[in-house]
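Here is how the chains run, residue by residue.
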Amino acid sequence: MQSYGTPSMHIRARKVASPIRVAWVCAENWEAAQSRIRVLKVSEKLRKLGYQSTVIQNYSDVLKFNFHTVIIGKSFSENDYKQVEMLKLSGKRIIMDLCEDLIGWAWVNELIGLCDKVICCSHELEKKVRTIHNNTAVIEDAYEC
């Protein structure tokens, strides 16, 4: 009852949050051992944390299956750039997983600049990436002198 003497009811609605859906685009270099084990291990960890993490073969599946976040870094080309640009325009969060020093290779720097965040395999690589993009993190699985 309120202080006015009229009956009242307090209603609280709560929307159940759906898990964040993460897509790993790994069509080109899926056979590379360092890519495969890194993707599988990080994807497994994300699933344990409650995310829906899936390896997909092409960019069109991102929109088809409504993934929220897209992790790239296994293929670098003009087509990859155009696909990532289109996904950014559709509101998707793009993270690059960079597991080797490819700075300066064709389309790598451009893709780094387009991403929301870049995850590096070593602190040395992160130092190089920070000259292009300042939102970085390290999931270390390499050592560079």
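### Points about the environment of Arg130
Phase 1: Structurally, the position occupied by Arg130 is in the loop between α5 (123-129) and β6 (136-138).
Phase 2: For Arg130, a relative accessible area of 44% translates into the label partly exposed.
Phase 3: Separated by twelve residues in the primary sequence, Arg130 and Val118 have C-alpha atoms spaced 9.1 Å apart.

### What about the packing of aromatic side chains?
Phase 1: What the rule picks out here adds up to one aromatic pair.
Phase 2: Ring centres 5.5 Å apart and planes at 40° place the aromatic pair Tyr81 and Trp107 in the tilted group. Of this pair, Tyr81 sits in helix α3 (residues 78-89) while Trp107 sits in the loop between β4 (93-98) and α4 (108-114), and the two are 26 residues apart along the sequence.
Phase 3: Judged by its relative accessible area of 28%, Trp107 is partly exposed.
Phase 4: Across from the ring centre of Phe67, 4.6 Å away, lies the NZ or CZ of Arg21, which sits over that ring.

### Some details on the nonpolar core
Phase 1: Counting 26 residues, the largest nonpolar core has Val62, Ile72, Met96 and Leu98 as the members making the most contacts within it.
Phase 2: In terms of residues, this core owes the most to one element, α4, which gives four residues.
Phase 3: With near-sequence residues (within four places) excluded, Ile72 lies in contact with Tyr59, Val84, Ile94, Ile95, Met96, Asp97, Leu111 and Cys115.
Phase 4: By size, the runner-up hydrophobic cluster in this structure holds eight residues, among which are Cys26, Val39, Ile95 and Ile119.

### Focus on the state of the cysteines
Phase 1: For the structure shown, the criterion picks out zero disulfides.
Phase 2: You can see Cys121 has no disulfide; the closest cysteine sulfur is in Cys99, sitting 6.2 Å from it.
Phase 3: Accessibility expressed as a relative area gives 2% for Cys121, which makes it buried.

### So, the confidence of the model for the protein
Phase 1: Counting all residues, the mean pLDDT for the protein is 86, and 82% of those residues have values of 70 or more.
Phase 2: Per-element averaging of pLDDT across the protein places helix α1 (residues 33-48) at the bottom with 80 and α4 at the top with 97.

What counts, and at which threshold
Residues numbered from 1 in each chain as written. Predicted model: local features only at pLDDT ≥ 70, side-chain atom pairs only at ≥ 80, totals over all residues. Heavy atoms only, no water. Helix = DSSP H or I, 4+ residues; strand = E, 2+ residues; numbered from the N terminus. Buried < 20%, exposed > 50% of the residue type's maximum accessible area, 1.4 Å probe, protein only. Phe/Tyr/Trp six-rings, centres within 6.5 Å; stacked < 30°, edge-to-face > 60°. Lys NZ or Arg CZ within 6 Å of the ring centre and 35° of its normal. Core = buried A, V, L, I, M, F, W, Y, C linked by side-chain atoms within 4.5 Å. Contact = heavy atoms within 4.5 Å. Disulfide = S-S within 2.5 Å. pLDDT = per-residue confidence, 0-100.

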